[in-house]
Amino acid sequence: MTDKNLLIAKQSLLQPAELDESILEKVIGSMMGHAIEYADIYMQTSRHESWVLEDGIVKDGQHNIEQGVGVRAISGEKTGFAYSDDIILPALTSAADAARTIARQGQSGGMNAWQSSPISPLYTENDPLAVLSAEQKIELLRAVDKEARRIDPCVQQVIASISGVHEIVLVAANDGTLSADVRPLVRMNVSVIVERDGRREQGSAGGGGRVTYKYFTENDRALGYAREAVRQAIVNLDAKDTPAGTMPVVLGPGWPGVLLHEAVGHGLEGDFNRKGSSVFSGRIGEQVASKYCTVIDDGSIQSRRGSLSVDDEGTVTQQNVLIENGILKNYMQDKQNSRLMNLPTTGNGRRESYAHMPMPRMTNTYMANGDHDAEEIIASVDKGLYAVNFGGGQVDITSGKFVFSTSEAYMIEKGKITYPVKGATLIGNGPEAMNLISMVGNDMSLDTGVGVCGKEGQSVPVGVGQPTLLVDRLTVGGTNT
Amino acid sequence: MNQTIEKHANSDADLFDRDSLKETVDFMLQQARNKGASASEAGLSVETGLSVTVRMGEVETIEYTRDRSFGVTVYFGQRKGSASTTDFSRQAVIDTVTAACDIARYTEEDKFAGIADKNKLAFDYPDLDLNHPWDLGAEQAIEMATQCEAKSLAYDKRITNSEGAYITAHQAYRIYANSHGFVGDYSSTRHSNGCTVIASEGEGMERDYWYSIARNADKLDDLNLVGEMAATRAIKRLNARQIKTQKVPVVFQAEVARGLLGHLVRALGGGAQYRRASFLVDKLGTQIFPERFRIDERPHLKQAIGSAPFDGEGVINTSHDLVSDGVIQSYVLDSYSARRLNTETTGNSGGMHNLFINTDDYDLDGLLKEMGTGVLVTEVMGQGVNIVTGDYSRGGTGFWVENGEIQYPIEEFTLASNLAEMYQRLSLVGNDVDLRSSLCTGSWLIDEMTIAGT
């Protein structure tokens, strides 16, 4: 079987610049004689577009083309990195010269023969932007606007956007890697402002994945986002002050999995653990969560936002069990950190673009199902918070402190959901909170495909997910004492 | 987490060939005109840098950065389209203009759309002394970063690990031009040094950092000072306790108080105003701070980090008050949002340029004494700020203060209130002004907030 992606990548990245594999081999080879044990070249071209509707009209559209090449040389823990937005041989050579200045002493590596084995793509290679005409994209946004305004007269403002990226990457490395990936990524977003009796609130919803725009027209998804955004905003119009203090918190399924992303995910990335800066450093084999917790990172799920057929170092992605029944099993790795820690690569080497260095990053991170019904979990709480939706979160991987902020939450009183409360930040300590998970539901779902994860200034698309679960104690940052 | 790093290498003749870059912009405007655009604007930037990190005495990364981008917006009457590229070839410029024009065929008429009015443009703009290239070589940067980190690691035996020290040098050249005949360009530099270390004692591990940033490398903080500050800050966080849920006064240390000014800028922003997505909708002329406070923008300060000779659409930006006597004097507008609100642009396309709040005659210790008993916040976490309602709820780290004296570090608590109330309850602003961003303030003492803890 021929690798279709590799052919596409050669056509769009190498041929226009009159480059080929033998030239890449020479450039990499030229870096290897200088105490460099690993070197790679990452070429990328991407086309991005977005359309935005506001005030009932599509008033803005953008189209961006970005392309370039990043060259990296590694000597032990040292990395030299340079990039250029010209994909031409002189730029490639001068980037390679700059990158290899990193090495002063150390062992040298060699150049292996290319070992490109065909990979099975997890998504279509077709241009996701081209499946709808400009008129159809505009029509879709108008339909969303109409739907949101139809549902409730309180809706004052609707902003709807549709955006898509078509990206082609090629990775070549001295270890023989020659891999390509052709990646679609689309996203739709709807946000609304509602106003009633002088009180204003917002709601937003959206979704997407490594699919084409067709995804939004199927199963009424686009209109569904409009309904969900309005529903959330209206709920918040009636929200009361959130209590302040420590209490049981039930987290709903899907996007609240941002808890895992922050509470354990970042702390299990290989770089932090190699450097000993994570609260999880050196704890493989230890109990780091309650026995109900099995946490998985899986970049190989078909068409998901966080998925990659191969990561940005050319490693095929896979399902990695990070925590199994509470025991820490694995970190997430890129090539450099796996080599330094003498552990296998896991397909988590990711970068924002050719102009950024790869590092270990999450893909789709979720918790496996437990055996409780969601109703049963809520009924078990005498007084606590039921948090259904979140904005985002943040973690300090060294102290383990993490926060995430609710955008839709309710009080639970005597096992019943009573009234909605205002957005509040929840704060906890990662390992501690994971040990306080006492019930896990059987309704695991992944989020709708909207996650963006930031680390050291680099943004990458990710997925999160979980079943309904109960954390016995979290600090809830309301105003009501 | 490590700092991300950018920095400058030697200036690159090809990259900064201003005449040819200006020609490219001019060519773009011509192309737009040829394609029938009634108005157009283009922005171009080229940037180059070097950044070096050293971790545990060894070089960790040497990164040469070199970025270009070129964007164009075309108008056909009231219809608009935009496109951008990183490729500066003539063909790419033509393709990019074509892509923008294609989009404008489909977007709908927006009566407020258009480039800035001609009479607002900064045809005559000042030199703000922003360009101080630093001829920094990788070897020199490595030595400097090594010295900085070594100072931090040697400061105390409880400093047990490091995320590294970095040195960056960065240089940029920008042009903005539009079909009113405006062409503005300027060069600027931005250099920085910083260090992040980990302190540990018993089971506990705490990370903290310090950094400085300046247009002129001579104005950066001393490397030893940066290293020591990072170490001191990390050590002070060790053995933090939790506190009870309660309502107390809070001091936001200057670098965190900056965020509170940032929320004000967002709430007064044109987009939030015309969308009515702000807790300060229709509040022009309303008192939102105590009468003593004035908040003003000073876009033309020489060498300042936030300075710019004109705004993102070529508009004259002048010093003016956002708030005086506690009363809102102005929103934060570009031409588009100004037209929506039936008023005039404030020269804030692309953001705020050096915002200041007046200070009181107290340093941070003085503020703590004035507070008596309460919380000093040194770090906030999370996104719990709702600009539509003003509701504020964020995670915090800091110190418990009694009788004006720091007692012990505290962690894992939240701070909650509503921004409207926080601004009204602002009682003092310290003179410990942090000038490292375009939002410049000292520490804030706020009379009361809700702390959630144990």
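Worth saying up front: this structure is predicted, and the values here are computed from it rather than measured.

Thresholds applied
Residues numbered from 1 in each chain as written. Chains lettered and ligands numbered in written order. Predicted model: local features only at pLDDT ≥ 70, side-chain atom pairs only at ≥ 80, totals over all residues. Heavy atoms only, no water. Helix = DSSP H or I, 4+ residues; strand = E, 2+ residues; numbered from the N terminus. Rg over C-alpha atoms; globule rule 2.2 N^0.38 Å. Buried < 20%, exposed > 50% of the residue type's maximum accessible area, 1.4 Å probe, protein only. Areas by Shrake-Rupley, 256 points an atom, 1.4 Å probe, with all protein chains shown as cover. Lys, Arg positive; Asp, Glu negative; His and termini not counted. Charge placed at Lys NZ, Arg CZ, Asp CG, Glu CD. Contact = heavy atoms within 4.5 Å. Domains from an automatic or database assignment. Pairing = 2+ DSSP bridges. Salt bridge = Lys/Arg side-chain N within 4 Å of Asp/Glu carboxyl O. Core = buried A, V, L, I, M, F, W, Y, C linked by side-chain atoms within 4.5 Å. Expected span 1.5 Å × (residues − 1). Polar contact = N/O pair within 3.5 Å; in protein donor to acceptor, adjacent residues only side chain to side chain. Nonpolar A, V, L, I, M, F, W, Y, C, P; charged D, E, K, R; others polar. Phe/Tyr/Trp six-rings, centres within 6.5 Å; stacked < 30°, edge-to-face > 60°. Lys NZ or Arg CZ within 6 Å of the ring centre and 35° of its normal. Axes fitted to C-alpha atoms, helices over the stretch in contact; angles between N-to-C directions. Left-handed = near helix turned anticlockwise from the far one by under 90°. Patch = residues over 30% accessible without salt bridge, like charges linked within 9 Å, V, L, I, M, F, W, Y side chains within 5 Å.

Take the overall build of chain A next. When its secondary structure is counted, chain A shows 11 helices and 22 strands. In terms of overall size, chain A behaves like a compact globule, its C-alpha atoms giving a radius of gyration of 24 Å where 481 residues would be expected to give roughly 23 Å. A total of 481 residues make up chain A; the buried ones form 62% of that total. With an accessible surface of roughly 16000 Å², chain A has 48% of that area assigned to carbon and sulfur atoms. Distance between charge centres in chain A, computed from 44 positive and 59 negative side chains, equals 2 Å.

This paragraph deals with the overall build of chain B. The secondary structure content of chain B amounts to 9 helices and 17 strands. Against the 2.2 N^0.38 benchmark of 22 Å for 454 residues, chain B shows a C-alpha radius of gyration of 24 Å, consistent with a compact globule. Expressed along its principal axes, the backbone C-alpha trace of chain B runs to roughly 70 × 55 × 35 Å. Here chain B holds 454 residues, and the buried ones make up 63% of them. Residue pairs at least 24 apart in sequence account for 73% of intrachain contacts in chain B once pairs closer than 6 positions are excluded. A total accessible area of about 16700 Å² is found for chain B, and carbon and sulfur atoms account for 44% of it. Charge-centre separation for chain B: the mean point of 44 positive side chains lies 4 Å from the mean point of 65 negative side chains.

A few words now on the domain arrangement of chain B. Looking at the assigned domains, one finds that chain B contains domain 1 (2-157 + 164-192) and domain 2 (246-259 + 359-452). Using C-alpha coordinates to define each centre, domain 1 of chain B is positioned 35 Å away from domain 2 of chain B.

To continue, consider the pairing of strand S9 (residues 320-324) of chain B. Residue and element names in this part refer to chain B. Burial within S9 is extensive, with 4 of its 5 residues counted as buried. With 3 bridges joining them, strand S8 (residues 295-297) and S9 adopt antiparallel strand pairing. Across the sheet, residue Glu-297 finds its bridge partner in S9, namely His-320. Pairing of S9 with strand S10 (residues 327-328) involves 2 bridges; the strand directions are antiparallel. The residue bridging Ser-324 from the neighbouring strand is Val-327, located in S10. What sits between the antiparallel neighbours S9 and S10 is a turn of 2 residues, in which Asp-325 has the positive phi angle 50°.

Now for the pattern of salt bridges. Throughout the structure, instances matching the rule amount to 67 salt bridges over all chains. Its salt-bridge partner being Glu218(A), residue Arg221(A) comes within 3.6 Å of it at the nearest N-O pair. Owing to a relative accessible area of 38%, Glu218(A) belongs among the partly exposed residues under this scheme. One salt bridge connects Asp434(B) with Arg258(B), and the closest N-O pair in it is separated by 2.8 Å. Of this pair, Asp434(B) sits in the loop between strand S15 (426-429) and strand S16 (439-440) while Arg258(B) sits in helix H5 (residues 254-268), placing them 176 residues apart in sequence. Assessed through its relative accessible area of 8%, Asp434(B) is described here as buried. Residues participating in the shared-partner salt-bridge network are Asp396(A), Glu206(B), Arg207(B), Asp208(B), Arg233(B), Arg237(B), Glu255(B) and Glu379(B).

This brings us to the nonpolar core. In this structure, Ile41(A), Met43(A), Val71(A) and Leu170(A) are the most contacted members of the largest nonpolar core, which totals 66 residues. Excluding residues within four positions of it along the chain, Leu170(A) makes contact with Leu6(A), Ala9(A), Leu13(A), Leu14(A), Leu24(A), Ile41(A), Tyr42(A), Met43(A), Leu178(A), Ser179(A) and Ala180(A). Of all hydrophobic cores here, the second largest spans 49 residues; its members include Leu280(B), Leu322(B), Tyr423(B) and Leu439(B).

Let us look at helix H1 (residues 18-34) of chain B. Residue and element names in this part refer to chain B. Counted at 1.5 Å a residue, the expected span for H1 with its 17 residues is 24 Å, and the 24 Å between its end C-alpha atoms agrees. Here H1 has its buried residues at Leu-21, Thr-24, Val-25, Phe-27, Met-28, Leu-29, Gln-31 and Ala-32. Considering only its buried residues, H1 is in contact with strand S1 (39-55), strand S2 (58-76), helix H2 (90-106) and strand S4 (159-178). Looking one or two residues beyond H1, the residue adopting positive phi is Gly-36, at roughly 95°.

This paragraph deals with the interface of chain B and chain A. Contact with chain B, which involves 71 residues of that partner, is made by 80 residues of chain A. Where chain B meets chain A, there are 16 salt bridges. Its salt-bridge partner being Asp110(B), residue Lys59(A) comes within 3.5 Å of it at the nearest N-O pair. Where chain B touches chain A, the interface holds 41 residue pairs in polar contact (both at pLDDT 80 or more). Among the elements that take part in the side of chain B that touches chain A, S2(B) stands out by supplying 11 residues, more than any other. Each residue belonging to the side of chain B that touches chain A can be placed in one class, and the counts come to 20 nonpolar, 27 polar and 24 charged. Sheet topology note: the strand S2 (residues 57-75) of chain A/strand S3 (residues 79-85) of chain B ladder contains 4 bridges and is parallel.

Attention shifts here to helix H6 (residues 221-237) of chain A. Along an α-helix, residues three or four apart share an orientation, since each turn contains 3.6 residues. Between the first and last C-alpha of H6(A) there are 25 Å, a value that for 17 residues agrees with the 24 Å anticipated at 1.5 Å per step. Along H6(A), the residues classified as buried are Ala222(A), Tyr225(A), Ala226(A), Ala229(A), Val230(A), Gln232(A), Ala233(A), Ile234(A), Val235(A), Asn236(A) and Leu237(A).

Residue and element names in this part refer to chain B. Applying the stated criterion across every chain, the model contains 23 aromatic pairs over all chains. With a centroid separation of 6.5 Å and 85° between ring planes, the pair formed by Phe-112 and Tyr-336 is classed as edge-to-face. Of this pair, Phe-112 sits in the loop between H2 and helix H3 (138-154) while Tyr-336 is found in helix H7 (residues 335-340), placing the two residues 224 residues apart along the sequence. Relative to Phe-310, the ring of Phe-182 lies with its centre 5.4 Å away and its plane at 80°, an arrangement referred to as edge-to-face. Within this pair, whereas Phe-182 is found in the loop between S4 and strand S5 (183-201), its partner Phe-310 is found in the loop between S8 and S9, the two being separated by 128 residues in sequence. Judged by relative accessible area, which is 1%, Phe-182 ranks as buried. Cluster of aromatic residues (ring-pair linked, three or more members): Phe-123, Tyr-125, Tyr-176, Phe-182, Tyr-186 and Phe-310. One residue, Arg-241, lies across the ring of Tyr-408, its end atom 3.8 Å from the ring centre.

We now examine the packing of helix H4 (residues 134-151) of chain A against H6(A). All names here are of chain A. At their nearest, the axes of H4 and H6 sit 9 Å apart, and the two run at 35° to each other. Where H4 crosses over H6, the handedness of that crossing is right-handed. Between H4 and H6, the contacting residues are Leu-140, Ala-143, Val-144, Glu-147, Ala-148 and Ile-151 on the first element and Ala-222, Leu-223, Ala-226, Arg-227 and Val-230 on the second. Taken together, the residues of the contact of H4 with H6 sort by class into 9 nonpolar, no polar and 2 charged.

All names here are of chain B. The residue Cys-440 is located in strand S16 in this model. Accessibility expressed as a relative area gives 3% for Cys-440, which makes it buried. As for Cys-440 and Ala-230, which are separated by 210 residues in sequence, their C-alpha atoms are 21 Å apart. Ignoring anything within four residues of it in the chain, the contact list for Cys-440 reads Leu-261, Leu-355, Phe-356, Ile-357, Val-433, Asp-434 and Leu-435.

Moving on: a negative patch on the surface. Side chains of Asp371(A), Asp373(A), Glu375(A) and Glu376(A) sit close together on the surface and give a patch of like negative charge. Turning to its location among the elements, Glu376(A) is positioned in helix H10 (residues 374-379).

Residue Glu18(A) is not a glycine yet carries a positive backbone phi of 55°. Using a relative accessible area of 69% as the deciding quantity, one classes Glu18(A) as exposed.

For Thr346(A), the position within the fold is in the loop between helix H9 (335-341) and strand S11 (349-350). Not counting chain neighbours up to four residues away, the residues in contact with Thr346(A) comprise Gln318(A), Asn320(A), Tyr331(A), Met332(A) and Gln333(A).

Okay, the side chain of Asp311(B) next. All names here are of chain B. If you trace the backbone, Asp-311 turns up in the loop between S8 and S9. No salt bridge is formed by the buried Asp-311; the nearest opposite charge belongs to Lys-120, separated by 10 Å. Here the side chain of Asp-311 touches Asn-348 through a polar contact of 3.4 Å, landing on its backbone nitrogen. In this structure the side chain of Asp-311 is engaged in a polar contact, spanning 3.0 Å, whose partner is the backbone nitrogen of Ser-349. Setting aside chain neighbours within four positions, we find Asp-311 in contact with Asn-317, Thr-345, Gly-347, Asn-348 and Ser-349.

Turning our eyes to something else, we now look at the sheet that holds S8(B). All names here are of chain B. Overall, mixed pairing links the 5 strands, which are arranged S10-S9-S8-S11-S16 in an open sheet. Across the chains shown, the open sheet's two edge strands, defined by having one partner strand only, are S10 and S16. In terms of strand pairing, S8 meets strand S11 (residues 355-357) through 3 bridges, oriented antiparallel. Paired with Ile-295 across the two strands is Ile-357, which belongs to S11.

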